[in-house]
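As a plain string of letters, each chain reads:
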Amino acid sequence: DKAPLSKSLLLVPSAISILLTLLFQHYQKFFAYNLQAIKQDFQIWRLVCGRTICLDLKDTFCSSLLIYNFRIFERRYGSRKFSSFLLGAWMLSALFDLLLVEVAQYIFGITINSLPSGFLGPVFALFVPFYSSIPRVQVAQVLGHFSITNKTLVYILGLQLLTSGSYIWILALSGLVSGICYNSSILKVHRILCVPSWVAKIFSWTLEPIFSSAEPTNEVRVGMGATVDIQRQQRMELLDRQIMMSQVAQMRRQRQQQGGMINWNRLFPPLRHRHNANYQGHGPSEQDTPPPTEVSEEQVARLMEMGFSRGDALEALRASNNDLNVATNFLLQH
């Protein structure tokens with residue numbers, strides 16, 4: 001839910017990779033990441049085909065599992081910002097691939113004519129925000145010294161993908177460097193390599209209905225028979241919610257120090273009690289109701305890209321005086 005881009009990256013390249021391996025092997029040559037053909041014959045189209053579809057099923061399996069685990073970033077940032085990160089990492093890693101191949105040939109005398117195919121550069125780039133922003137939750141401890149966390153399996157998958165080919169370390173290094181460059185506030189790459197809003201709207205109208213999933217109507221409590229992976233995911237989401245609540249509390253303290261106190265109970269009664277069966281529809285009095293605030297349509301669109309409805313986005317922005325961070329944190333918790 002709320003990750004259509006991750007779902008499309010999980011299904012479409014994997015299906016094409018399986019078809020190329022089992023049924024259409026004579027077409028695999030068109031998806032080879034051949035650097036010699038790119039540099040000498042100017043076959044630029046190989047940058048698109050060779051850096052999108054994996055020709056090795058082991059790489060397809062590992063990269064698909066990693067994309068599934070990294071879907072949390074699309075839920076956090078929205079599909080447009082997530083696609084901008086993937087686009088920027090894809091373009092930067094293509095440039096770093098060519099540079100690293102030239103450096104390897106100049107320093108070590110290694111001539112590299114081709115690299116492993118697939119959507120590997122952006123996948124390795126996603127390890128940068130995964131390392132810096134996802135909290136660690138200890139699950140178990142081995143031999144009293146080695147801790148196993150909720151992030152251990154993802155790192156193991158990345159290590160397995162790193163050891164699947166001879167020159168895949170070039171793709172891994174270029175992906176990590178591109179992820180660092182895109183996240184860096186000094187280089188400001190995220191302002192240049194981003195998906196325009198009109199392009200995001202076109203894909204939202206055409207592809208999102210195909211790959212979107214229905215929102216769960218209710219949450220079923222997982223009992224004692226749940227798997228360990230589900231329990232780890234629940235602990236991870238619980239810690240993530242606690243961190244967001246602490247951010248809201250910190251913003252509230254800052255507003256109180258500045259003299260403006262936010263009364264969430266007064267400002268957000270429709271959102272708090274919308275799904276409460278005991279809510280009788282008694283809203284705040286006219287004297288307590290604050291005057292309506294003009295809301296920026298751009299901020300409403302950004303919240304709707306994250307998966308919130310237009311009504312919730314309007315109420316949250318009006319109550320928070322168009323503070324997008326406060327409105328986002330509150331909607332994520334309610």
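Quick caveat, the model's predicted, so the values are computed rather than measured.

J.: Which parts of the structure should I look at to understand the overall build of the chain?
T.: Each helix and strand counted, the chain has 19 helices and four strands in total. Of all 334 residues assigned to the chain, the portion counted as buried reaches 37%. A fraction of 72% describes how many contacts in the chain between residues 6 or more apart in sequence connect residues 24 or more apart.

J.: Help me understand the packing of helix H1 (residues 4-22) against helix H6 (residues 79-107) in this model?
T.: Each packed pair of helices is defined by two parameters, the angle between the axes and the distance between the axes. With their axes 9 Å apart at the nearest point, H1 and H6 run at an angle of 45 degrees to one another. As the angle between them shows, H1 and H6 are arranged oblique. For the pair H1 and H6, contact is made by Pro4, Leu5, Ser6 and Leu9 and by Ser79, Phe82, Ser83 and Leu86, respectively.

J.: For this particular structure, what's the right way to read the packing of aromatic side chains?
T.: One pair of aromatic rings is described through two measures. These are the centre distance and the angle between the planes. With the rule as written, the count across this model stands at eleven aromatic pairs. Judged by centre distance (5.3 Å) and plane angle (85 degrees), the ring pair of phenylalanine 70 and phenylalanine 127 falls under edge-to-face. Taken together, the residues span a long stretch of sequence, with phenylalanine 70 in the loop between helix H4 (57-69) and helix H5 (71-77) and phenylalanine 127 in helix H8 (residues 127-133) at a distance of 57 residues. By relative accessible area, which is 0% here, phenylalanine 70 ends up buried. Assessed through its relative accessible area of 9%, phenylalanine 127 is described here as buried.

J.: Got a minute to help me understand a nonpolar patch on the surface in this structure?
T.: A surface patch of nonpolar side chains, about 860 Å² in accessible area, is lined by Ile18, Leu19, Leu22, Leu23, Phe24, Tyr27, Phe30, Trp45 and Leu57. Looking at which element gives the most residues to the nonpolar patch, the answer is H1, with three residues. Looking at the element boundaries, isoleucine 18 is found in helix H1.

J.: Mind showing me how you'd approach the nonpolar core here?
T.: Note on soluble globular proteins: their nonpolar side chains tend to be buried together. Ranked by size, the top nonpolar core spans 43 residues in total, and within it Leu66, Phe70, Phe73 and Leu115 carry the most contacts. Elements that contribute at least two residues to this core include exactly helix H2 (35-40), H4, H5, H6, helix H7 (120-125), H8, helix H9 (152-162) and helix H10 (168-183). Considering each element in turn, this core owes the most residues, nine residues, to H6. Among all residues touching leucine 115, those that are not within four sequence positions of it are Tyr33, Leu35, Asp97, Val101, Tyr167, Ile170 and Leu171. Val295, Leu314, Leu324 and Ala327 belong to the second largest nonpolar core, which has twelve residues in total.

J.: Looking at this model, I keep getting lost on the UniProt feature "transmembrane region" (unreviewed entry) in the chain. Mind explaining?
T.: According to UniProt, the feature "transmembrane region" (unreviewed entry) maps to residues 6-24, 85-108, 114-132 and 153-177 in the numbering used here. In the segment residues 6-24, helix accounts for 89% and strand for 0%; the C-alpha atoms at its two ends are 25 Å apart. Structurally, residues 153-177 is divided into 80% helix and 0% strand, and its ends, taken at the C-alpha atoms, are 22 Å apart.

J.: I keep staring at H1 and nothing clicks. Help me out?
T.: In an α-helix, one turn spans 3.6 residues, which is why side chains three or four residues apart end up on the same side. When the terminal C-alpha atoms of H1 are compared, their 27 Å separation across 19 residues agrees well with the 27 Å that a helix rising 1.5 Å per residue should span. Within the span of H1, buried status applies to Pro4, Ser6, Ser8, Leu9, Pro13, Ser14, Ser17, Leu20 and Thr21. In this fold, the buried residues of H1 make contact with H4, H5, H6 and helix H13 (208-211).

J.: Hey, could you run me through the pattern of salt bridges in this one?
T.: Between side chains of opposite charge, a pair can form as their charged atoms come close. Within this structure, the stated rule accounts for four salt bridges. Two residues, glutamate 102 and lysine 39, come together in a salt bridge whose shortest N-O distance is 3.1 Å. Taken together, the positions of glutamate 102 in helix H6 and lysine 39 in helix H2 put the pair 63 residues apart, joining distant regions of the chain. Under the relative-accessibility criterion, glutamate 102 is labelled partly exposed at 38%. Lysine 39 sits in the partly exposed class, given a relative accessible area of 36%. Measuring nitrogen to oxygen at the nearest pair gives 3.1 Å for the salt bridge that ties arginine 310 to glutamate 297. Here arginine 310, found in helix H18 (residues 310-319), pairs with glutamate 297, found in helix H17 (residues 297-305); they are 13 residues apart in sequence, far enough to count as distant. In this structure arginine 310 comes out as partly exposed when scored by relative accessible area, which is 37%. For glutamate 297, a relative accessible area of 46% translates into the label partly exposed.

J.: Mind showing me how you'd approach the state of the cysteines here?
T.: Covalent bonding between the sulfur atoms of two cysteines defines a disulfide. Within this structure, the stated rule accounts for zero disulfides. There is no disulfide at cysteine 54, and the cysteine sulfur nearest it, in cysteine 62, is 9.5 Å away. Among the residues examined, cysteine 54 registers a relative accessible area of 5% and is labelled buried.

J.: How should the side chain of serine 93 be read in this particular structure?
T.: Take serine 93: it is sitting in helix H6. Judged by relative accessible area, serine 93 falls into the buried class, the value being 0%. Here serine 93 is in contact with Arg51, Gly121, Pro122, Ser174, Gly175 and Ser178, once residues within four sequence places are set aside.

J.: Explain the confidence of the model for the chain to me, please; I cannot follow it from the model alone.
T.: Low-pLDDT stretches of the model should not have their predicted coordinates read in fine detail. Here the chain shows a mean pLDDT of 77. Residues at 70 or above account for 72%. Across the chain, the secondary-structure element scoring lowest on mean pLDDT is helix H15 (residues 264-267), at 44, and the one scoring highest is H7, at 93. Note that residues 218-227 has pLDDT below 50 and, in this model, four contacts with residues that lie over four places away or in other chains. Scored below 50 in pLDDT, residues 260-290 shows 32 contacts in the model against residues more than four places distant or in partner chains.

Cut-offs and rules
Residues numbered from 1 in each chain as written. Predicted model: local features only at pLDDT ≥ 70, side-chain atom pairs only at ≥ 80, totals over all residues. Heavy atoms only, no water. Helix = DSSP H or I, 4+ residues; strand = E, 2+ residues; numbered from the N terminus. Buried < 20%, exposed > 50% of the residue type's maximum accessible area, 1.4 Å probe, protein only. Contact = heavy atoms within 4.5 Å. Axes fitted to C-alpha atoms, helices over the stretch in contact; angles between N-to-C directions. Parallel < 35°, antiparallel > 145°, perpendicular 65-115°, else oblique. Phe/Tyr/Trp six-rings, centres within 6.5 Å; stacked < 30°, edge-to-face > 60°. Patch = residues over 30% accessible without salt bridge, like charges linked within 9 Å, V, L, I, M, F, W, Y side chains within 5 Å. Areas by Shrake-Rupley, 256 points an atom, 1.4 Å probe, with all protein chains shown as cover. Salt bridge = Lys/Arg side-chain N within 4 Å of Asp/Glu carboxyl O. Core = buried A, V, L, I, M, F, W, Y, C linked by side-chain atoms within 4.5 Å. UniProt positions renumbered as here; feature names shortened; annotations may be inferred. Expected span 1.5 Å × (residues − 1). Disulfide = S-S within 2.5 Å. pLDDT = per-residue confidence, 0-100.

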